[in-house]
Amino acid sequence: MYKYCFQILGLLDKLNDWNDKLNGLASKYMDNVGFGTIAVIGLFAIGCWGVSTLNKK
């Protein structure tokens, strides 16, 4: 149990670093209305594609 503690802490450090990077990118680009619209449409399209792919028999 204790030998995995350091691996979990390392993973949490990486997640915090990624979170900081993503927050920086979001604050830089999400203030633009055009980019935000394209991002929302892209996420919607990916979601629709994923649902249709997973619902195939």
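See the structure shown above.
In short, a report on the structure. (Residues numbered from 1 in each chain as written. Predicted model: local features only at pLDDT ≥ 70, side-chain atom pairs only at ≥ 80, totals over all residues. Heavy atoms only, no water.)

**Quick look at the overall build of the protein chain**
On a plain count of helices and strands, the protein chain comes out with 2 helices and 0 strands. The C-alpha atoms of the protein chain give 18 Å as radius of gyration, which overshoots the globular expectation for 57 residues (10 Å, by more than 25%). Projected onto the principal axes, the alpha-carbon positions of the protein chain cover approximately 45 × 40 × 5 Å. Relative to its 57 residues, the protein chain shows a buried fraction of 4%. Split by element, the accessible area of the protein chain, about 5600 Å² in all, is 70% carbon and sulfur. When the 6 positive and 4 negative side-chain charges of the protein chain are each reduced to one mean point, those points stand 17 Å apart. (Helix = DSSP H or I, 4+ residues; strand = E, 2+ residues; numbered from the N terminus. Rg over C-alpha atoms; globule rule 2.2 N^0.38 Å. Buried < 20%, exposed > 50% of the residue type's maximum accessible area, 1.4 Å probe, protein only. Areas by Shrake-Rupley, 256 points an atom, 1.4 Å probe, with all protein chains shown as cover. Lys, Arg positive; Asp, Glu negative; His and termini not counted. Charge placed at Lys NZ, Arg CZ, Asp CG, Glu CD.)

**Examining the environment of Leu9**
Inspection of the secondary structure assignment puts Leu9 in helix 1 (residues 5–29). Spatially, the C-alpha atom of Leu9 lies 30 Å from that of Met30, the residues being 21 residues apart in sequence.

**Details of the environment of Leu54**
Structurally, Leu54 can be placed in helix 2 (residues 33–54). Sequence separation between Leu54 and Ile41 is 13 residues, and the spatial gap between their C-alpha atoms is 20 Å.

**Describing the environment of Asp20**
Examined against the element boundaries, Asp20 turns out to sit in helix 1. Along the backbone, Asp20 and Ile8 are 12 residues apart, and their C-alpha atoms lie at a distance of 18 Å.

Such coordinate-based values are descriptive only and should not be taken to indicate function.
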